[in-house]
Amino acid sequence: MNIGNFPYVENLLNVTSKRQQAFAANIANLDTPGYKATDVDFQEELSSSLRMTSTSPAHLTPPGAESSARFIEVEGKLKANGNTVDIDTQMTEMTKNGLQYVTLVQYLNQKLKTLRSSLNEGGR
Amino acid sequence: MSDFTIYNNIPRIMPAPSPTKPPAAPKPDAGDSFSGLLKDAITQVSDLEKGSQGELQKFMNNESDLHSVMIALEKADLSFQVMMQVRNKIVAAYQEIMRTQV
Amino acid sequence: MSLITALDINASGLTAQRHRAEVASANLANSQTTRTPEGGPYRRKDVVFETVPFSKAFDIAATGINGVEVAGVMDDPTPFDRRYEPNHPDADAEGYVEYPNVNSMEEMANLLEASRSYEANISAVNIIKTMIARTLEIGR
């Protein structure tokens, strides 16, 4: 018997919240000389997550494990002081990331609601 | 999708007789598979309960994320609900049998 | 936890930008100060930003995540502004007064930049707050 396995959603949540750290770092270091903008290579993480079709929960990343996605430097326009952070791009991407996160939570809540109602109503 | 596994698995598991039943000692069929199911459910509840406590511990030590804790909590709660439903079904089945006119 | 760490990082950004704004304000306030306890006119100050690690890089190839801190406040070495004012009490033997090396326009621009960066960090904090709040509502 298998209870609510949400591995894909959990992975996405891990990656999205990790990505928020990258944005936080970029925004904090907007004016730091020589700082290079960072991001998470989430495309790699997402596609590897999609490829994982498993019949046993043991094959997937255990819940709570810190996402294995790494922080990478991203291309950016070089400013006079060696900084590559573009405030407008970062702000929009960060807002999108926040939106993605709350959407995932919403998705999770819907799934949980369905599970609960199938538990409560399905028995009749 | 894998998160519907429980939903899809219940019809598969319920009617089948327990595979670990020793063939030498025949026991009443219905009670065995039900009690096996209940045992499984209880085991899962305690596992997930421990799991959610472990998650909380990890969170307090700053090793895990808040969403992981919340999801672990939900899983524990859901498995508890399942166990309650299984228990209810068993009780209902028992009462049904007791009502049988002999 | 990822989100709390992100919050700390933006908090460091807020602190750093505030320092920057404070120094810019001090420069503006003292743009005409010809007399200081150390002698001579006010010398323009500048903040130096530096990254401070918030996570360890796992290997050489991987990047860590950094916040920011003010490494120090340094003096601007550009020469003072010498103006001919023989009647000024601080005039030297030739009648020249040394004024601070502060360009008010530049300082204003600096202050506005600091304010903009500060706002950006505030927005980031708000987004993170929303994310955390929604996380706590999972299952409700």
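How each quantity is defined
- Residues numbered from 1 in each chain as written.
- Chains lettered and ligands numbered in written order.
- Predicted model: local features only at pLDDT ≥ 70, side-chain atom pairs only at ≥ 80, totals over all residues.
- Helix = DSSP H or I, 4+ residues; strand = E, 2+ residues; numbered from the N terminus.
- Buried ≥ 20, exposed ≤ 12 C-beta atoms within 10 Å, placed from the backbone.
- Contact = placed C-beta atoms within 7 Å.
- Axes fitted to C-alpha atoms, helices over the stretch in contact; angles between N-to-C directions.
- Parallel < 35°, antiparallel > 145°, perpendicular 65-115°, else oblique.
- Left-handed = near helix turned anticlockwise from the far one by under 90°.
- Nonpolar A, V, L, I, M, F, W, Y, C, P; charged D, E, K, R; others polar.
- Core = buried A, V, L, I, M, F, W, Y, C linked by C-beta atoms within 7 Å.
- pLDDT = per-residue confidence, 0-100.

Visitor: I tried to follow the overall build of chain A on my own but got confused; where do I start?
Guide: On a plain count of helices and strands, chain A comes out with 3 helices and 2 strands. Looking at chain A as a whole, 41% of its 124 residues are labelled buried. Residue pairs at least 24 apart in sequence account for 78% of intrachain contacts in chain A once pairs closer than 6 positions are excluded.

Visitor: Mind showing me how you'd approach the packing of helix 1 (residues 2-29) of chain C against helix 2 (residues 104-136) of chain C here?
Guide: Each pair of packed helices can be summarised by the angle the axes make with each other and by the distance between the axes. Residues and elements named next belong to chain C. Packing of helix 1 against helix 2 brings their axes to within 9 Å, and their N-to-C directions diverge by 160 degrees. Regarding the angle of helix 1 to helix 2, the classification is roughly antiparallel. Crossing handedness for the pair helix 1 and helix 2: left-handed. Taken together, the residues that form the contact of helix 1 with helix 2 break down as 15 nonpolar, 10 polar and 3 charged.

Visitor: What am I meant to see in the environment of Thr36(C) here?
Guide: Residues and elements named next belong to chain C. You can see Thr 36 is positioned in the loop between helix 1 and strand 1 (45-53). The exposure class of Thr 36 is exposed, given the 12 C-beta atoms found within 10 Å. Thr 36 sits 42 residues away from Thr 78 along the chain, and the two C-alpha atoms are 17 Å apart. Residues contacting Thr 36, with those up to four places away along its chain left out, are Pro 41 and Tyr 42.

Visitor: Looking at this structure, how should I read the nonpolar core?
Guide: Nonpolar side chains in soluble globular proteins generally cluster together in the buried interior. Membership of the largest hydrophobic core comes to 53 residues, with the highest contact counts inside it found for Ala24(A), Ile27(A) and Ala124(C). With residues up to four places along the chain from it excluded, the contact list for Ala24(A) reads Ala6(C), Ile9(C), Asn10(C) and Ala124(C).

Visitor: Where do I start with the confidence of the model for chain A in this structure?
Guide: Close inspection of predicted coordinates is inappropriate in any region flagged by low pLDDT. Residue and element names in this part refer to chain A. Residues at a pLDDT of 70 or more form 72% of chain A, whose mean pLDDT is 79. Of all secondary-structure elements in chain A, the lowest mean pLDDT belongs to helix 2 (residues 42-51), at 65, while helix 3 (residues 87-121) reaches the highest, 91. In this model, residues 53-65 is a region of pLDDT below 50 whose contacts with residues beyond four sequence positions or in other chains number 16 contacts.

Visitor: Just checking my understanding: could you explain the packing of helix 3 of chain A against helix 2 of chain C for this structure?
Guide: Following both chains from N to C, one finds helix 3 of chain A and helix 2 of chain C inclined at 5 degrees, their axes separated by 9 Å at the closest point. It follows from the interaxial angle that helix 3 of chain A and helix 2 of chain C lie roughly parallel. Of the residues in helix 2 of chain C, those touching helix 3 of chain A at Ile87(A), Met91(A), Met94(A), Thr95(A), Gly98(A), Tyr101(A), Val102(A) and Val105(A) are Ala120(C), Ser123(C), Ala124(C), Ile127(C), Thr130(C), Met131(C), Arg134(C) and Thr135(C).

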